[in-house]
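Okay, here's what each chain looks like letter by letter:
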Amino acid sequence: MEEKRRCFSLSRNKFLQHWCVILFISSLAILPLTQSFNYGKALSKSLLYFESQRSGRLPYNQRVTWRHHSGLTDGLEQGVDLVGGYYDAGDNVKFGLPMAFTITMLSWGVIEYGDEISSAGEYTHALEAIKWGTDYFIKAHTHPNVLWVEVGDGDTDHYCWQRPEDMTTSRQAYKVDEKNPGSDVAGETAAAMAAASIVFRKTNPHYSYLLLQHAEQLFEFGDKFRGKYDVSVRVVKGYYPSVSGFKDELLWAALWLYKATDKEDYLSYALEKANEFGGITWAITEFSWDVKFPALQIIASMLLTEENHREMGFKLVFEQYRSKAEYYLCACLNKNNGSNVNRTPAGLLYIRQWNNMQYVSNAAFLLTVYSDYLRASNQRLRCDRGKVGPEEVLLFARSQADYILGANPMGMSYLVGYGSRYPQRMHHRGASIESYRENKGFIGCTQGYDYWYPRNDPNPNVVVGALVGGPDHMDRFSDDRKNFMQTEACTYNTASLVGVLAKLHGVEEEDGYLNTPLLASS
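Procedures and definitions
- The numbers attached to residues start from 1 for each chain and follow its sequence in the written order.
- Residue-level local features of this predicted model are given only where pLDDT is at least 70; pairs of side-chain atoms are given and counted only at 80 or more, and the full residue set underlies all totals for whole chains, interfaces and linings.
- Side-chain metrics rest on all non-hydrogen atoms present in the structure, leaving aside hydrogens and water.
- The numbering of helices and of strands both runs from the N terminus, where a helix is a DSSP run of H or I of at least 4 residues and a strand a run of E of at least 2.
- Throughout, exposure labels follow a simple rule: accessible area from a 1.4 Å probe, protein chains only, divided by the maximum for the residue type, with under 20% read as buried, over 50% as exposed, and the rest as partly exposed.
- Whether two residues are in contact is decided by their heavy atoms, any of which lying within 4.5 Å being enough.
- Axis definition: a line fitted to C-alpha atoms, over the contacting stretch in the case of helices. Angles run 0 to 180 degrees between N-to-C directions.
- Each angle is binned into one of four classes, with values under 35 degrees roughly parallel, values over 145 roughly antiparallel, values of 65 to 115 roughly perpendicular, and all other values oblique.
- By convention the crossing between two helices is left-handed if the near helix lies anticlockwise of the far one by an angle smaller than a right angle, and right-handed if it lies clockwise.
- Asp, Glu, Lys and Arg are counted as charged, while Ala, Val, Leu, Ile, Met, Phe, Trp, Tyr, Cys and Pro are counted as nonpolar; the rest, among them Gly, fall into the polar class.
- A side-chain nitrogen of Lys or Arg and a carboxyl oxygen of Asp or Glu constitute a salt bridge if their distance falls within 4 Å.
- Strand pairing is assigned whenever DSSP identifies at least 2 bridges connecting the two strands.
- Aromatic pairing here means that ring centres of Phe, Tyr or Trp (its six-membered ring) are within 6.5 Å. Orientation follows from the plane angle: under 30 degrees is stacked, over 60 is edge-to-face, and everything else is tilted.
- Values of pLDDT, the confidence the predictor places in each residue, fall between 0 and 100.
- Put simply, buried Ala, Val, Leu, Ile, Met, Phe, Trp, Tyr and Cys residues joined by side-chain atoms within 4.5 Å make one nonpolar core.
- UniProt positions are given in the numbering used here, feature names are shortened, and annotations may be inferred rather than shown by experiment.
- A 3.5 Å cut-off defines polar contacts: any pair of N or O atoms within that distance qualifies, except that in protein one atom must be a possible hydrogen donor and the other a possible acceptor, and neighbouring residues in sequence count only when both atoms are side-chain atoms.
- For the purposes of this analysis, a disulfide is any pair of cysteine sulfur atoms at a distance within 2.5 Å.

Draft legend 1. Region of the structure containing the overall build of the protein. When helices and strands are tallied, the protein shows 20 helices and seven strands. Counting all 522 residues of the protein, 63% fall into the buried class. In the protein, 74% of the contacts between residues at least 6 apart in sequence involve partners at least 24 apart.

Draft legend 2. The packing of helix H5 (residues 123-140) against helix H8 (residues 205-224), seen in detail. Where H5 meets H8, the axes come as close as 11 Å, and the angle between the chain directions of the two elements is 50°. As far as their axial angle goes, H8 and H5 are oblique. Crossing geometry of H5 relative to H8 is assigned as left-handed. Across the interface between the two elements, Lys131, Thr134, Asp135 and Ile138 of H5 pack against Tyr207, Leu210, Leu211 and His214 of H8. Each residue belonging to the contact of H5 with H8 can be placed in one class, and the counts come to four nonpolar, two polar and two charged.

Draft legend 3. Molecular detail of the pattern of salt bridges. For the structure shown, the criterion picks out 26 salt bridges. In this structure, Glu165 and Arg67 form a salt bridge, with 2.9 Å as the shortest nitrogen-oxygen distance. Linking Glu165 in the loop between helix H6 (154-157) and strand E3 (173-176) with Arg67 in the loop between helix H3 (39-52) and strand E1 (94-95), this pair joins segments that are 98 residues apart in sequence. The exposure classification of Glu165 matches that of Arg67, with both residues buried. Across the pair Arg425 and Asp479 runs a salt bridge, and its minimum N-O distance is 3.3 Å. Placement of Arg425 in the loop between helix H16 (390-405) and helix H17 (429-432) and of Asp479 in the loop between helix H18 (445-452) and helix H19 (484-487) is noted, with a sequence separation of 54 residues between them. Arg425 sits in the partly exposed class, given a relative accessible area of 22%. What emerges from the salt-bridge pattern is a single network uniting Lys315, Glu319, Arg322, Glu326 and Arg382.

Draft legend 4. Geometry of the sheet that holds E3. Read from one edge to the other, the open sheet built from three strands follows the order E1-E2-E3, with strand pairing classed as antiparallel. Strands at the two margins of the open sheet, each flanked by one partner only, are E1 and E3. Across two bridges, the pairing between E1 and strand E2 (residues 147-151) is antiparallel. Following the sheet pairing, Lys94 is matched in E2 by Val151.

Draft legend 5. Structural view of unusual backbone geometry. Although it is not a glycine, Asn334 sits at a positive phi angle of roughly 65°. Structurally, Asn334 can be placed in the loop between helix H14 (315-332) and strand E4 (342-343). In the Ramachandran plot, Asp475 falls in the positive-phi region, its phi being about 70° despite a non-glycine side chain. Within the secondary structure, Asp475 is located in the loop between H18 and H19. On the accessibility criterion, Asp475 (4% relative accessible area) is buried.

Draft legend 6. Representation of the packing of aromatic side chains within the structure. Per the stated rule, a full pass over the model turns up 27 aromatic pairs. Measuring from centroid to centroid gives 5.0 Å for Trp108 and Phe365, while their planes differ by 75°, and the two rings are edge-to-face. Separated by 257 residues along the polypeptide, Trp108 in helix H4 (residues 96-119) and Phe365 in helix H15 (residues 357-377) bring together distant segments of the chain. When sorted by exposure, Trp108 lands in the same class as Phe365, which is buried. On the basis of an interplanar angle of 65° and a centroid distance of 6.1 Å, the ring pair of Trp252 and Phe287 is categorised as edge-to-face. With a gap of 35 residues between them, Trp252 in helix H10 (residues 247-261) and Phe287 in the loop between helix H11 (264-272) and helix H12 (293-302) connect regions that are remote in the sequence. Both residues of the pair, Trp252 and Phe287, belong to the buried class. Put simply, the rings of Phe101, Trp108, Trp252, Trp256, Phe287 and Phe365 pair up and form one aromatic cluster.

Draft legend 7. Looking closely at the confidence of the model for the protein. Of the residues in the protein, 90% have a pLDDT of 70 or more, and the chain-wide mean is 90. Low pLDDT, under 50, characterises residues 1-33; the predicted model gives this stretch 36 contacts beyond four residues in sequence or across chains. Here residues 516-522 is modelled with pLDDT under 50, and outside its nearest four sequence neighbours on either side it reaches 18 contacts, counting other chains as well.

Draft legend 8. Focus on the nonpolar core. Trp108, Trp252, Tyr321 and Leu381 are the most contacted members of the largest nonpolar core, which has 164 residues in total. Those residues in contact with Trp108 that lie beyond four places of it in its chain are Trp252, Trp256, Ala295, Ile299, Phe365, Leu366 and Val369.

Draft legend 9. The UniProt feature "active site" (unreviewed entry) in the protein, seen in detail. Per the UniProt record, the feature "active site" (unreviewed entry) sits at His427. By secondary structure assignment, the location of His427 is in the loop between H16 and H17. Setting aside chain neighbours within four positions, we find His427 in contact with Gly90, Trp161, Tyr453, Arg481, Phe484, Thr487 and Glu488. Of note is the side chain of His427, whose polar atom sits 2.7 Å from the backbone oxygen of Arg481.

Draft legend 10. Representation of the state of the cysteines within the structure. In this structure the tally under the stated criterion is two disulfides. Two residues, Cys160 and Cys445, share a disulfide whose sulfurs are 1.9 Å apart. Across the S-S bond of Cys160 and Cys445 the torsion is about -95°, and the bridge reads as left-handed. Here Cys160 is found in the loop between H6 and E3, whereas its partner Cys445 is found in helix H18, with 285 residues between them in sequence.

See the structure below:
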């Protein structure tokens, strides 16, 4: 083991580091050098995850049977119906900003890879996962200038360890409005509903139109009454603060509304405000529920090849968007002369220790989408260290997905329920306590902490398809319920992964250009 560590520390040459990874993995006798995965099965499990996170009255076709109805009085104190939606992670709060981002990314995945999802037999489940979120957003948008953005209180919720079916914590609901603005959460919710309207355009045109109406109203509200939502709703600051501000969400929403409506006003907004709002000035190496710049830069840059956009007089702005998009993509590929995204010794992208896998799945998705764009437009990605073809871009995205599924030094699948070895002690209240189906007796606030939380036994319920926070910067992972930085999962971790797995499943079915050994992308 010491020799392997010395190998990593001494090998500054990237080629030698590559072989250090091979030696390290093979020495542990964990996996073959050309490991393959069943992406279709992983895709099915990832979509099943969203049923574990449902709040509200569960439907007759609920497949995750260890869950039951919960949050049935949400909004009652405020006189609104806020039943439904998703719990974001292992607790029982409904946070509007990450929930909306989850739906945006799920919708984008279906827009790009709907055929591949269909071939895996999962299209209906994908639409159900999206609609569970958008149905809730329709309820939460009670007035053109009012959006309810949180139900529950993170502080009081974290004092208790209870199944959602037993909640005794506060279900206070919080909103943004004209006097208490929230342009970021309004913008992200608008983006989610606009993207979802594209998804439902053929299968449910009336619903698609309804979503679009809400999306346009929310964008107008967010743009007219500008402000950060964590200033208006202070209880969210310790959990989902808007560090990037609201300008990225307004640009993001405008681009999604343009894609959904073809109205030039929305595209003009994203182009005219590109400089003022940071769209063409921020070079970012992180894409997340908070920071949308890389993704909106990628969407804008992909519009450049469309002939009608060249005639708008904004060619330079499009080019600047493309330059910033390339900066992000090249940073992920380690092809910038300046700042690149850090990696673990085994090649996993590494942004920060808390829930790092969200950044991995998001990056893998953007790389996957852009590789398709490069292939379709017969282009190559322009990086400081040379041009990169679509195959290499997709191979790197695949390497990240394969790491998640088990091609890593721990031999661990970080997608719960996939493979033979995956986290057994997720930091998740409902999973860690005997299910309501098995035990309908009430489990109190401190009772959960006293008995269920400290147990060393595996969780009695498996949250299939959850993508946990993942390993540290040295590829180490501790499967411990108390280790929430690594063992908690979030809806937005898995949402982006859905599209990646769908693409890889499609390529696998076609027996296409991805038949390359796993580590060839290192």
